[in-house]
Amino acid sequence: MRRWVDRGELACHKTPGGHRRIPIGDLARYAQLRGLELGEPLVQRERENGADDAVGPLVDAFLASDVARASQLVMGAYFG
């Protein structure tokens, strides 16, 4: 993603600490326009890398730009 941003293909903003922030909806649109697969292939790869079943709903929330749901899932994972 850094290369896409550096080439001007994908917009982002930087935090005061210099970290890039890309709205997930923008990333999903970028990927869709370029025929990149998100969603289940991403979930499958994460599961193969040891992620648990919570990954699927989180990816779905990100792809839907559902910040409230994504936050709820993350907070639930950390604080149970």
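Residues numbered from 1 in each chain as written. Predicted model: local features only at pLDDT ≥ 70, side-chain atom pairs only at ≥ 80, totals over all residues. Heavy atoms only, no water.

Draft legend 1. Main features of unusual backbone geometry. Of note, S65 is a non-glycine position whose phi angle comes to about 55 degrees, a positive value. Following the sequence through the fold, S65 ends up in the loop between α4 (55-63) and α5 (67-79). (Helix = DSSP H or I, 4+ residues; strand = E, 2+ residues; numbered from the N terminus.)

Draft legend 2. Quick look at the environment of L27. Following the sequence through the fold, L27 ends up in helix α2 (residues 24-33). Separated by 15 residues in the primary sequence, L27 and C12 have C-alpha atoms spaced 9.7 Å apart.

Draft legend 3. Representation of α2 within the structure. Listed as buried for α2 are G25, L27, A28, Y30 and A31. Positive phi appears at G35, one or two residues downstream of α2, with a value of about 75 degrees. (Buried < 20%, exposed > 50% of the residue type's maximum accessible area, 1.4 Å probe, protein only.)

Draft legend 4. Focus on the pattern of salt bridges. Evaluated as defined, the whole model comprises 2 salt bridges. The salt bridge involving R20 is made with D6; its shortest N-O contact spans 3.1 Å. Note that R20 is positioned in strand β2 (residues 20-21) and D6 in helix α1 (residues 2-6), a separation of 14 residues in sequence. Judged by its relative accessible area of 55%, D6 falls in the exposed class. Among the salt bridges present, the one from E9 reaches R7, with a minimum N-O distance of 2.9 Å. Classification of E9 as partly exposed rests on a relative accessible area of 34%. Since its relative accessible area comes to 52%, R7 is described here as exposed. (Salt bridge = Lys/Arg side-chain N within 4 Å of Asp/Glu carboxyl O.)

Draft legend 5. Layout of the confidence of the model for the protein. Residues with a pLDDT of 70 or more make up 72% of the protein, whose mean pLDDT is 76. Looking at the elements of the protein, mean pLDDT is at its lowest for helix α3 (residues 40-48), recorded as 58, and at its highest for strand β1 (residues 13-14), recorded as 88. (pLDDT = per-residue confidence, 0-100.)

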